[in-house]
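Residue-level listing of the chains:
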Amino acid sequence: MCSSDLPSEDAVNDNDDEADDVVSAEAAYAARRILDMMENYRIPEGEGDRPCRWSDFTILLRSAKTAARRWLSVLSDAGVPCVSTLGGGFFEAIEVRVFMDLLRIIDNRRQDIPLLAVMRSHVYGFTEEELIHIRADYAGEDILDRVMAAAADDKQPEWSIKCRRLLDDTARWRSLASLKSLGEFVGLLLDETHFEVNCSALYGGEIRTANLQALWERARKLSQSGGSLHAFIRYMDEARSSASQESVQAPFADAVRLMTVHGSKGLEFPIVFIGGV
């Protein structure tokens, strides 16, 4: 067994922001080590060895849901497929978060954080330089005002074209959301944005597409009771807050596992990271 102890939390005080920073730093360190080992480390097996698989890695935490959510979010953002027995994993998957952000701005475009997340995503592909131009070169009270100003720019830089496309798309999708059932609309949005195709090409593609299918299934179920887009967003937010739905991935999927130290008793893993020690 290969084991790696992460940086200590002993010096962390009771401030929630500082504690979250330490958890994020641990998770980021683990993500970098896992990605490096996937490329450069081999697992002894039989008389020889083999390349690492995602499922060779396990992360053990002393505490459960609070820290686990941050770990899942950081790992997912780094491109490390992960599953958790601690709840909430589905909601922290980056593909679920970004798709939900897309639904949020269709429902109400005047939301800076979801809007920026969608602009950075594969759907529109804004670069950091383009986002800086939009913030610095155009006036407005919020990001949407600046996007609208950039879309009207007569010089038509690349980001102006992207801004017009974003505004046109979200206006059209908002109209479609009022005409179609929730399930039909979410399915249409998945197709038009190529979300599943894009996710299937990433690390852990099978898991990512399973998450999107699970999200669509939840939308279809809510459709049966006449649920609207806004109602679906509220339902998903409430479910995330209660962490009542765990990751949908199969327990034997090729993904990094996240569990408590207590839950790992009696189990063996090729490579272990221990967080919060």
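What this report covers is the structure whose coordinates are included nearby. Small disclaimer: the values here were computed from a predicted structure and weren't measured. (Residues numbered from 1 in each chain as written. Predicted model: local features only at pLDDT ≥ 70, side-chain atom pairs only at ≥ 80, totals over all residues. Heavy atoms only, no water.)

**Remarks on unusual backbone geometry**
- One non-glycine residue with positive phi stands out, namely histidine 194, at about 55 degrees.
- Here histidine 194 lies in the loop between helix H9 (182–193) and helix H10 (195–200). (Helix = DSSP H or I, 4+ residues; strand = E, 2+ residues; numbered from the N terminus.)

**Points about the side chain of serine 160**
- Structurally, the position occupied by serine 160 is in helix H8 (residues 158–179).
- Within the structure, serine 160 has its side chain in polar contact with the backbone oxygen of alanine 150 (distance 2.7 Å).
- Setting aside residues up to four positions removed in sequence, serine 160 forms contacts with Ala150, Ala151 and Asp153. (Polar contact = N/O pair within 3.5 Å; in protein donor to acceptor, adjacent residues only side chain to side chain. Contact = heavy atoms within 4.5 Å.)

**Brief notes about the pattern of salt bridges**
- Counting across every chain of the model gives 16 salt bridges.
- Linking glutamate 128 and arginine 120 is a salt bridge whose minimum nitrogen-to-oxygen distance equals 3.0 Å.
- On the basis of relative accessible area, arginine 120 is assigned to the partly exposed category, the value being 42%.
- By sharing partners, the salt bridges in this structure join Arg165, Asp169, Arg172 and Glu192 into a single network. (Salt bridge = Lys/Arg side-chain N within 4 Å of Asp/Glu carboxyl O. Buried < 20%, exposed > 50% of the residue type's maximum accessible area, 1.4 Å probe, protein only.)

**Looking at the packing of aromatic side chains**
- With the rule as written, the count across this model stands at three aromatic pairs.
- For the pair phenylalanine 99 and phenylalanine 195, a centre-to-centre distance of 5.1 Å together with 85 degrees between the ring planes defines the contact as edge-to-face. Taken together, the positions of phenylalanine 99 in helix H4 (residues 94–107) and phenylalanine 195 in helix H10 put the pair 96 residues apart, joining distant regions of the chain.
- A cation over an aromatic ring shows up here: lysine 162 above the ring of phenylalanine 126, its NZ or CZ 5.5 Å from the ring centre.
- In this structure, arginine 220 packs its charged tip against the face of tryptophan 216, placed 4.3 Å from the ring centre. (Phe/Tyr/Trp six-rings, centres within 6.5 Å; stacked < 30°, edge-to-face > 60°. Lys NZ or Arg CZ within 6 Å of the ring centre and 35° of its normal.)

**Topic: the pairing of strand S4 (residues 57–61)**
- Among the five residues that make up S4, five are buried, leaving the element largely enclosed by the rest of the structure.
- Here S4 runs beside strand S7 (residues 271–275); their pairing, made up of five bridges, is parallel. Following the sheet pairing, leucine 61 is matched in S7 by glycine 275.
- Judged from the four bridges that link them, S4 and strand S6 (residues 256–260) form a sheet pairing that is parallel. Across the sheet, the residue bridging to isoleucine 59 is leucine 258, located in S6. (Pairing = 2+ DSSP bridges.)

Bear in mind that shape data such as this cannot, by itself, settle questions of function.
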